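# Report on the structure
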Amino acid sequence: MHIKKFLKPKNFILCSFLFITACIEDAPLDSLSPAGPYARTIDELFWLTFWIAVVIFFIVQGALLFSVFYFKDSPDKPEPKQIHGNNFLEILWTIIPVIILASIAVPTVRTIFDLAREPEDALKIEVIGHQWWFEYKYPDYGITTANVLVIPEDTPIRLEMWSNDVLHNYWVPKLNGKRYLVPGQKTYLNLHADNAEEFWAQCGEYCGLSHSKMRGRVLSMSESDFDAWVINEQKNADNTLSEGSLAYEGQQVYLNAGCTQCHVIGGVWDVQGERIAPNLTHFGNRNVFAGAALKNNSENLTKWLANPAELKPGTFMPNLELTEREIEALIEYLGTLK
Ligand code: HEC
Ligand SMILES: [Cu+2]
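It should be emphasised that the depicted structure is a prediction, and the values quoted were computed from it without experimental measurement. (Residues numbered from 1 in each chain as written. Chains lettered and ligands numbered in written order. Predicted model: local features only at pLDDT ≥ 70, side-chain atom pairs only at ≥ 80, totals over all residues. Heavy atoms only, no water.)

### Some words on the environment of K10
By the secondary structure assignment, K10 is in helix α2 (residues 9-20). Here K10 falls in the exposed class, since its relative accessible area comes to 58%. C-alpha separation for the pair K10 and F69, spaced 59 residues apart in sequence, amounts to 32 Å. (Helix = DSSP H or I, 4+ residues; strand = E, 2+ residues; numbered from the N terminus. Buried < 20%, exposed > 50% of the residue type's maximum accessible area, 1.4 Å probe, protein only.)

Here is the structure:
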């Protein structure tokens, strides 16, 4: 596009709306409102760098404006003194940037090392990236879950991460910076939430069609709530549904429609172990699904089970041509998986 065509008042007004979007309060992906020590360390470094840049901006612009007006040419003005090749000045304006860069580099390098260090007594959790959802495993507890990462408040968490397919990137802006999830290689990230709160996560690397719908939640809870959550997650699904109930019918659909090829519901199907889809054993306890892109309610589930790709283009969950009745029964069944 020709630049003159772009420079119209209409376009400036449109562009200014982009700035207004930055003013939303309580934005869940706001990296400027840290909620834990790691994010705070980054925040402090950001503000230090920001204020150094602000001071430099005004000094440089001030010098520029001063020169423009003070040395403005006029017919009766003699040529100002030329300073090209002045050794003292050349050395001075080499040293000043070195000091500026060093004053940013020292705290930056220190922060990088602080963030990378493995905290003592951290809870270890594995994060596995899939197109387009995050899987979480708790090796110490034998738990596998998806989409919602549950952590105890005020406790250091050590994430060990990799990808199952393409490059992904794990990002919980209020708790720490981003880190890549790489196929065949482990990366690490620390989290630590001050309080019991729900945070948002987002895949930070373009990873295919539904990348924007590859989100997540981090649910931080009190120590006692977390312990109760662990005990519940370790249980298999309740397998005592009464024959003839809608939930029982849903379980039959689950077992016969091919869902078990990809999903695991603990205790419901003999074949255990690795599957390529979210573990559904405690699906009913999660408030979001499909990469946290959708709220867990029957309206969304109806659409999802009828045609997953309509909600999430490219998803590896196929349309299984379920009838309305089957979908209704499945949703009832999924609701019992607490
Ligand atoms: C070919 C493999 C495959 C089959 C078969 C399959 N699914 Fe899925 N399912 C997936 C994948 C992959 C996802 C994650 C999609 C995403 O978030 O992008 C998923 C997601 C889901 C979710 C959301 C889970 C969550 O926590 O995000 C539900 C519920 C679900 N499937 C139910 C079913 C049911 C019920 C059936 C059988 C009627 C079924 N699926 C059959 C692959 C499969
Ligand atoms: Cu991704």
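### Notes on unusual backbone geometry
The step from Q131 to W132 runs through a cis peptide bond, and the omega angle for that step is 5°. Assignment of secondary structure puts W132 in the loop between β1 (123-130) and β2 (133-138). Non-glycine residue D121 carries a positive phi angle of around 55°. If you trace the backbone, D121 turns up in the loop between α4 (87-116) and β1. Positive phi values are uncommon outside glycine, yet A290 reaches one of about 55°. For A290, a relative accessible area of 11% corresponds to the buried category.

### Details of the pattern of salt bridges
In total, this model carries six salt bridges according to the counting rule given. Where K124 meets E118, a salt bridge forms, and the shortest distance between an N and an O atom there is 3.5 Å. Assessed through its relative accessible area of 39%, K124 is described here as partly exposed. Judged by relative accessible area, E118 falls into the partly exposed class, the value being 42%. The residue K186 makes a salt bridge to E160 at a minimum N-O spacing of 3.1 Å. Taken as a pair, K186 in the loop between β7 (179-181) and β8 (187-191) and E160 in strand β5 (residues 157-163) lie far apart in primary sequence, 26 residues in all. Given the relative accessible area of 44%, K186 is considered partly exposed. (Salt bridge = Lys/Arg side-chain N within 4 Å of Asp/Glu carboxyl O.)

### Focus on the coordination of the copper ion (ligand 2)
For the copper ion (ligand 2), the full set of protein donor atoms is H168 (ND1), C203 (SG), C207 (SG) and M214 (SD), and the range of their distances to it is 2.1 to 2.5 Å. We note that the donor set of the copper ion (ligand 2) lies within a single chain, spaced as H-x34-C-x3-C-x6-M. Taken together, the residues span a long stretch of sequence, with H168 in strand β6 (residues 168-171) and M214 in the loop between β9 (197-203) and β10 (215-221) at a distance of 46 residues. (Donors = N, O, S within 2.8 Å, 3.2 Å for Na, K, Ca; no water.)

### Quick word on the sheet that holds β5
The sheet built from five strands is open, its strands ordered β3-β2-β1-β5-β8 with mixed pairing. At either margin of the open sheet sits one strand with a lone partner, and together these are β3 (143-146) and β8. Going across the sheet, the axis of each strand differs from the next one's by a mean of 25°, ignoring polarity. The pairing of β2 with β3 spans four bridges and is classified as antiparallel. Looking at the pairing, K137 lines up with T144 of β3. Each of β1, β2 and β3 is contacted by helix α5 (residues 223-234), which is oriented at about 100° to β3, the strand it contacts most. (Pairing = 2+ DSSP bridges. Axes fitted to C-alpha atoms, helices over the stretch in contact; angles between N-to-C directions. Contact = heavy atoms within 4.5 Å.)

### Digging into the coordination of the iron atom of ligand 1
Protein-derived ligands of the iron atom of ligand 1 are H263 (NE2) and M317 (SD), with the metal-ligand distances lying across 2.0 to 2.1 Å. Residue H263 is classed as buried on the basis of its relative accessible area of 13%.

### Some words on the packing of helix α7 (residues 298-306) against helix α9 (residues 324-336)
The geometry of α7 relative to α9 is characterised by a closest axis approach of 10 Å and an angle of 125° between their N-to-C directions. For the element pair α7 / α9, the angle class is oblique. Between α7 and α9 the crossing geometry is right-handed. Residues S298, L301, T302, L305 and A306 of α7 form the contact with α9, whose participating residues are I327, L330, I331 and L334. (Parallel < 35°, antiparallel > 145°, perpendicular 65-115°, else oblique. Left-handed = near helix turned anticlockwise from the far one by under 90°.)

### As for the layout of surface pockets
For the largest pocket, the calculated volume is near 620 Å³. Lining the largest pocket are 33 residues; nearest its centre among them are H263, A277, P278, W304 and M317. Residue assignment for the lining of the largest pocket shows that the elements contributing at least two residues are α7 and α9. The element best represented in the lining of the largest pocket is α7, accounting for three residues. Across the lining of the largest pocket, the residue classes tally to 22 nonpolar, eight polar and three charged. (1 Å grid on protein atoms, 1.4 Å probe; cavity = no way out; pocket = protein on both sides within 12 Å on 5 of 7 lines; lining within 4 Å. Points joined across faces, edges and corners; volume = space filled by probe spheres on them. Nonpolar A, V, L, I, M, F, W, Y, C, P; charged D, E, K, R; others polar.)

### Some remarks on the domain arrangement of the chain
Annotation of the chain at the domain level lists domain 1 (31-71 + 85-117), domain 2 (123-222) and domain 3 (246-336). Interface area, domain 1 with domain 2, both sides summed: about 1,000 Å², of which 49% is carbon and sulfur. Three residues stand out in domain 1 for area buried against domain 2, namely S31, A35 and Y38, and they jointly supply 47% of the buried area on that side. Run the count over domain 1 and domain 2 and you get one salt bridge. In this structure, R40 and D194 form a salt bridge, with 2.8 Å as the shortest nitrogen-oxygen distance. Where domain 1 packs against domain 2, one counts seven residue pairs in polar contact (both at pLDDT 80 or more). Of all elements in the fold, only α3 (37-70) and α4 reach the threshold of two or more residues within the side of domain 1 that touches domain 2. Here the residues of the side of domain 1 that touches domain 2 are counted per class, giving eight nonpolar, three polar and two charged. (Domains from an automatic or database assignment. Buried area = accessible area lost by both parts, 1.4 Å probe. Polar contact = N/O pair within 3.5 Å; in protein donor to acceptor, adjacent residues only side chain to side chain.)

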